[in-house]
Amino acid sequence: MTRDIELVLPYIPLSEKEIDEIFALKKAIFKGHFVYTNGGHGDIYVDKSIITLWPIQTSILCRDIAWQWRDAGIEAVLGPAMGAIKLADRVAEWLTIFTGEEIPALYSEKDINGKQVLKRGIAEINGKRTFVIEDIVNTGGSLEDSIGVCIGAGAIIVGCHSLVDRSSGAVTAQTLGIPKFLALKTMTVANYTKGCPLCDAKIPINTDRGHGEEYLKEHPEKRDWK
Ligand SMILES: [Zn+2]
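In short, a report on the structure. (Residues numbered from 1 in each chain as written. Predicted model: local features only at pLDDT ≥ 70, side-chain atom pairs only at ≥ 80, totals over all residues.)

Description of the nonpolar core
Argument step 1. Among the nonpolar cores identified, the biggest contains 53 residues, and Val77, Ala88 and Val91 are the most heavily contacted of them.
Argument step 2. No other element matches helix 4 (residues 85-99), which puts 7 residues into this core.
Argument step 3. Non-local contacts of Val77, meaning those with residues more than four positions away in its chain, are made with Ala88, Val91, Ala92, Leu95, Ile103, Ala105, Phe131 and Ile133. (Core = buried A, V, L, I, M, F, W, Y, C linked by C-beta atoms within 7 Å. Buried ≥ 20, exposed ≤ 12 C-beta atoms within 10 Å, placed from the backbone. Helix = DSSP H or I, 4+ residues; strand = E, 2+ residues; numbered from the N terminus. Contact = placed C-beta atoms within 7 Å.)

This is the structure we're talking about:
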């Protein structure tokens, strides 16, 4: 890898190539024929859980995010469970290093009804300039929920940042109703909800990632594609 975890100032932001190298190094992006949560098909799958398995790479990416927001006056960082808990922690740590201000890392979690709630640290974001970090944005739904949780706790949202934005431009600061939304990596991913060219070409459907297995139960005739 071209970048070290040691902080060298002045810090030079990661290039697109370096970000891609980290994702490639940890094999977080897969190519094939996948079935997504919304039922659509496509040829790229981002496994959001893989990157955060690796603390050094996670820290390098979070350092980059924190650097971009170091002058935003952020007083608290929140990430929705589970995937963004580690990200919130690392971003808050780097913001603390960059700004000299102690910045807490919080997480929202789902209650038994699947609704995002904030159970711990409400006092730390009430009236505070809060930053929301997310691992991957598809429809923006869970990010909207996290923003809602923060606002409900009295936070002032400064902005949001996602490791990967897979919304193909559908999710913006405007749609989220916040001042600024950024992503470390923006991907335009085909999501064929009908007329899938991969199905037309009989490319085998991946059952290890995404919802391929459930899909094949409903479409057993597609199981034999080799
Ligand atoms: Zn298909």
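Structure shown, so let's carry the discussion forward.
Things to note about the pairing of strand 7 (residues 156-165)
Both faces of the sheet carry side chains from a regular strand, because those side chains alternate between them.
Argument step 1. Of all 10 residues in strand 7, 9 are buried; the element is thus mostly enclosed.
Argument step 2. In the sheet, strand 6 (residues 129-137) pairs with strand 7 via 8 bridges, with the strands oriented parallel. Pairing of Glu134 across the sheet is with Ser162, part of strand 7.
Argument step 3. In this structure, strand 7 lies alongside strand 8 (residues 181-186), joined through 5 bridges in parallel fashion. Bridged to Val164 within strand 8 is Lys185. (Pairing = 2+ DSSP bridges.)

Quick notes on the sheet that holds strand 6
Argument step 1. A sheet is described by the order of its strands in space; here 6 strands give the open sequence 5-4-3-6-7-8, paired in mixed fashion. Lying at the two open borders of the sheet, with one neighbouring strand each, are strand 5 (116-117) and strand 8.
Argument step 2. Sitting on the sheet, helix 3 (residues 55-68) touches strand 6, strand 7 and strand 8, and the angle it makes with strand 8 is about 145°. (Axes fitted to C-alpha atoms, helices over the stretch in contact; angles between N-to-C directions.)

What to know about helix 4
Argument step 1. The terminal C-alpha atoms of helix 4, which comprises 15 residues, lie 21 Å apart, in line with the 21 Å expected from a rise of 1.5 Å per residue.
Argument step 2. All of the buried residues along helix 4 are Ile85, Lys86, Leu87, Ala88, Asp89, Arg90, Val91, Ala92, Trp94 and Leu95.
Argument step 3. On the buried face of helix 4, the contacting elements are helix 3, strand 3 (76-80), strand 4 (105-110) and strand 6.
Argument step 4. Gly100 sits one or two positions beyond helix 4 and adopts a positive phi of about 80°. (Expected span 1.5 Å × (residues − 1).)

Looking at unusual backbone geometry
Argument step 1. The peptide bond linking Leu9 to Pro10 adopts the cis configuration, its omega dihedral lying at 0°.
Argument step 2. Residue Met82 is reached from Ala81 by a cis peptide bond, and omega for that bond is -10°.
Argument step 3. Among the structural elements, Met82 can be located in the loop between strand 3 and helix 4.
Argument step 4. The phi dihedral of Ser168 is positive, around 55°, even though this residue is not glycine.
Argument step 5. By the element assignment, Ser168 lies in the loop between strand 7 and helix 7 (173-176).
Argument step 6. Owing to 13 C-beta atoms within 10 Å, Ser168 belongs among the partly exposed residues under this scheme.
Argument step 7. At Lys202, a residue that is not glycine, the phi angle is positive and equals roughly 55°.

Details of the packing of helix 3 against helix 4
Argument step 1. Close contact between helix 3 and helix 4 brings their axes to 8 Å; oriented N to C, the two are set at 55°. Here helix 4 runs oblique to helix 3, going by the angle between their axes. As for the relative orientation of helix 3 and helix 4, their crossing is right-handed in sense. From helix 3, Thr58, Ser59, Cys62, Arg63, Ile65, Ala66 and Trp67 reach across to helix 4, where they touch Lys86, Leu87, Arg90, Val91, Trp94, Leu95 and Phe98.
Argument step 2. Tallied by class, the residues present in the contact of helix 3 with helix 4 amount to 9 nonpolar, 2 polar and 3 charged. (Parallel < 35°, antiparallel > 145°, perpendicular 65-115°, else oblique. Left-handed = near helix turned anticlockwise from the far one by under 90°. Nonpolar A, V, L, I, M, F, W, Y, C, P; charged D, E, K, R; others polar.)

Some remarks on helix 3
Note: α-helices contain 3.6 residues per turn, so residues at a spacing of three or four share the same orientation.
Argument step 1. Taking 1.5 Å per residue as the helical rise, helix 3 with its 14 residues ought to reach 20 Å, and the 20 Å between its terminal C-alpha atoms agrees with that figure.
Argument step 2. Along helix 3, the positions that sit buried rather than exposed are Gln57, Thr58, Ile60, Leu61, Cys62, Arg63, Asp64, Ile65 and Ala66.
Argument step 3. Looking at the buried residues of helix 3, the elements they touch are helix 1 (16-25), helix 2 (48-51), helix 4, strand 6, strand 7 and strand 8.

Things to note about the pairing of strand 3
Argument step 1. By the criterion of burial, strand 3 is predominantly enclosed, with 5 of the 5 residues buried.
Argument step 2. Here strand 3 pairs with strand 6 via 3 bridges, running parallel. The residue bridging Val77 from the neighbouring strand is Phe131, located in strand 6.
Argument step 3. Relative to strand 4, strand 3 is paired through 4 bridges, and the arrangement is parallel. What sits directly across from Gly79, in strand 4, is Tyr107.
Argument step 4. Following the chain from strand 3 across helix 4 to the adjacent parallel strand 4, one finds a crossover that is right-handed. (Right-handed = clockwise from strand over helix to strand, strands pointing away.)

Purely spatial values, then, with no claim about function.
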